[in-house]
Structures are given as structure tokens and as C-alpha cells.
Amino acid sequence: MVKLTDQEFLEFVGYMQKNYGIDLTKKRILIEGRLSNLIEKKGMRSFGEYLDSIKRNNKDEITTLVNKLTTNYTFFNREENHFKFLREVILPYQEKNNKSKILNIWSAGCSSGEEPYTLAMVLDDYFKFMSSQWKIQIYATDISENVLSKAREGIYGDDSLKDLPESYKKRYFEKTKDGKYQVLPEIKKNVTFKVFNLMDTVTAKNKYDVIFCRNVMIYFNAETKIKIVNKFYEATKPGGYLMIGHAETIQRDKSKYIYISPAIYKKE
Ligand SMILES: C[S@@+](CC[C@H](N)C(=O)[O-])C[C@H]1O[C@@H](n2cnc3c(N)ncnc32)[C@H](O)[C@@H]1O
């Protein structure tokens, strides 16, 4: 087993923090446990050698690394309260007041697509026959190209759909020959997937009515988290919302968002 030296550990933690926001200060055992096998398989002799190859900016290498240190776990209709709030508060308001009939939503850290597709389904279900009059643009981003290719494919097993209402299962999926569920093109067309590292600068031409960034900031330390939340704030339209994971919090004195209810924030 390849051993992680104190020096390599510090270097690794510093590099991951600076470039990917991921806080590994308390994760020494996890780093060693999850990466030493990989390093050995690559024929490398030390974590130092591995970190050098990461620094050369090899995209596949970086995706594998982030995948090993984080989780992509997600499912349809996760933390349903947010979708309920969307249906009961945000969409009635938009329907009444949004004359442009353009809705921009960002699913940041979308993993394999279950979150942005749930959003597209809730919107389609809400607007029903009026949906063609609305321009719905859901931007779905993640740092990992692997999960995004699964998202673009849009094929899921039973497990991912277990919390989705039966009516959605019937309306928005086609059953594949091997018993899986394929998201219909009419839902897919409203979702655009792109690689994006949340540590990078946000240059949104269009600002967002709602931003979902759920169960992503758990990896970040307090300082990085607030920097990212402030970037989201700049990218939110006045009157727009930020949804975070229910296990996450935002330090209220460090952000201009107004707290609405658990895991829901608003830009006034
Ligand atoms: C647990 S999943 C969350 C999926 C979905 N938002 C949900 O709540 O079910 C976390 C995702 O965050 C992504 N991620 C981690 N660090 C990131 C970063 N710096 N920039 C963008 N995405 C990141 C991971 O690749 C992973 O797919």
C-alpha cells in the first residue's frame, strides 16, 4: 500500500482546497484508503508523483480523483419540500408576474441528472398545456464529466425513481427493453448539461430565477462556502431563490440572502 507522508498530505489538502474547494483537512484516512490502490494500479510509487500528474491538469485524472473523494449519490424528487415550494410559491408568482415567460434555473452540482430532470417535470406538470408558451432553461452543471454523460443519456433504474409520484413515472419516461426508465425528449430538451467547477468565476449572461445547489457544499469549508454563496447571490435575479441541502446551512450574517424557511433563501 502506498503511504501518504505528512508533507504529501499537506500538499494534497492545500491543492484540493485551492482548486476544487474540497476540504480534506480531516480526511487523511479517507485519502489514503481511497487513492492508494489507484496510485499503485497506475504504476506510481508515491502520492507526490500522483499529485504531480494531477497538477499537469489531466481532465480524466481529475474527474476520477473528485469522484473518489466525493459522492454522486442522488435520486429523483430528493428533498421534496423544495419542489413543493416551487409549485406552491415560486411558480404561481412567476405565472402572474413574469411577462417575458422566460424561466432560468441552475442546478449546480447536478450529479447524474435526477435533480434537473425532476425540476423539468415539475415545471411541465405545473404549466401543462401552457408549457409551450414558456421558455424554460434549466442549466445543470457538475465538475465530473462521468456523471454528466450519464445525465445526458437519461436512463435510470427503479431505485432512482422510488420517490417520484407514479403519475410522473408514467408521463415522463419510456420503459427500455431491459426494464429501465428513459427520460422523454420533451423533458430533456429543457435541460442543458455542462461541466463547471464551482470554484470558477460565474459569468452568467442571464441571471437565474432559482438556483439549486444541494448536497454539494458539504465538501467545502466555511470560507469557500460563503464565497460560492456570494457568487450565487450575484447570479440570482432580484426576487429569486437559492435552495441548499436540508443538512446544510448558510451563516446568515455573511450573506445578503434572506432566510425564508429551512434550506430556502431569497434575494430581495
Ligand atoms: C451528492 S451530489 C448532489 C446531487 C444533487 N444536487 C442532489 O442533491 O441530489 C454532489 C455533486 O457535487 C459535485 N461537486 C463536488 N465538488 C464540486 C465542485 N467544486 N464544482 C462542481 N461540482 C462539484 C460532485 O461531482 C457531485 O456530483
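Residues numbered from 1 in each chain as written. Predicted model: local features only at pLDDT ≥ 70, side-chain atom pairs only at ≥ 80, totals over all residues.

1. Structural notes on the sheet that holds strand 5 (residues 181-183)
Logical step 1: Read across the sheet, 3 strands follow the order 3-5-4 without closing on themselves; strand pairing throughout is antiparallel. Across the chains shown, the open sheet's two edge strands, defined by having one partner strand only, are strand 3 (155-156) and strand 4 (173-175).
Logical step 2: Looking at chain direction, strand 3 and strand 5 are connected through 2 bridges and run antiparallel. Bridged to Tyr156 within strand 5 is Tyr181. (Pairing = 2+ DSSP bridges. Helix = DSSP H or I, 4+ residues; strand = E, 2+ residues; numbered from the N terminus.)

2. Some points on the domain arrangement of the chain
Accessible area lost during the coming together of the parts is what is often quoted as the interface size.
Logical step 1: The domain architecture assigned to the chain consists of domain 1 (6-69) and domain 2 (81-266).
Logical step 2: Once you take the C-alpha centre of each, domain 1 and domain 2 turn out to be 30 Å apart.
Logical step 3: Contact residues are listed per partner, giving 8 residues for domain 1 and 11 residues for domain 2.
Logical step 4: The set of elements that each furnish at least two residues to the side of domain 1 that touches domain 2 consists of helix 1 (6-20) and helix 4 (59-69).
Logical step 5: No other element matches the 3 residues that helix 4 contributes to the side of domain 1 that touches domain 2. (Domains from an automatic or database assignment. Contact = placed C-beta atoms within 7 Å.)

3. Quick look at the site of the ligand
Logical step 1: Taken together, 25 residues lie around the ligand, and Thr74, Gly109, Ser111, Ile143 and Leu198 are the ones closest in.
Logical step 2: A class-by-class count of the residues in the shell around the ligand yields 10 nonpolar, 11 polar and 4 charged.
Logical step 3: Composition of the shell around the ligand by domain shows at least three residues from each of domain 1 (6-69) and domain 2 (81-266). (Near = placed C-beta within 6 Å. Nonpolar A, V, L, I, M, F, W, Y, C, P; charged D, E, K, R; others polar.)

4. Overview of the packing of helix 1 against helix 3 (residues 47-55)
Geometrically, a packed helix pair is captured by the angle between its two axes and the distance between the axes.
Logical step 1: Between helix 1 and helix 3, the least distance of the axes is 10 Å, while the angle of their chain directions is 20 degrees. It follows from the interaxial angle that helix 1 and helix 3 lie roughly parallel. Crossing handedness for the pair helix 1 and helix 3: left-handed. Contact residues: helix 1 offers Glu8, Glu11, Phe12 and Tyr15, while helix 3 offers Phe47, Gly48 and Leu51.
Logical step 2: Residues of the contact of helix 1 with helix 3, tallied by class, amount to 4 nonpolar, 1 polar and 2 charged. (Axes fitted to C-alpha atoms, helices over the stretch in contact; angles between N-to-C directions. Parallel < 35°, antiparallel > 145°, perpendicular 65-115°, else oblique. Left-handed = near helix turned anticlockwise from the far one by under 90°.)

5. A closer look at the environment of Thr203
Logical step 1: Mapped onto the fold, Thr203 is located in the loop between strand 6 (191-195) and strand 7 (208-213).
Logical step 2: Residues Thr203 and Ala235 lie 32 residues apart in sequence; the distance between their C-alpha atoms is 8.2 Å.

6. Details of the pairing of strand 1 (residues 102-108)
Logical step 1: Among the 7 residues that make up strand 1, 6 are buried, leaving the element largely enclosed by the rest of the structure.
Logical step 2: Pairing between strand 1 and strand 2 (residues 135-142): 7 bridges, direction parallel. Its bridge partner being in strand 2, Ile102 is matched across the sheet by Lys135.
Logical step 3: Where the polypeptide runs from strand 1 across helix 6 (residues 114-127) and back to strand 2, its parallel neighbour, the crossover connection is right-handed.
Logical step 4: As judged from the 3 bridges shared by strand 1 and strand 7, these two strands associate in the parallel manner. Paired with Ile105 across the two strands is Val210, which belongs to strand 7. (Buried ≥ 20, exposed ≤ 12 C-beta atoms within 10 Å, placed from the backbone. Right-handed = clockwise from strand over helix to strand, strands pointing away.)

7. Describing the sheet that holds strand 9 (residues 258-261)
Logical step 1: Taken together, 7 strands build an open sheet; the order of strands is 6-2-1-7-8-10-9 and the sheet is mixed. Either end of the sheet is taken by a strand with one partner, and the two such strands are strand 6 and strand 9. The average angle at which neighbouring strand axes cross in this sheet is 20 degrees, direction not considered.
Logical step 2: Where helix 7 (residues 145-153) meets the sheet, it contacts strand 2 and strand 6, and its direction lies at approximately 165 degrees from that of strand 6.

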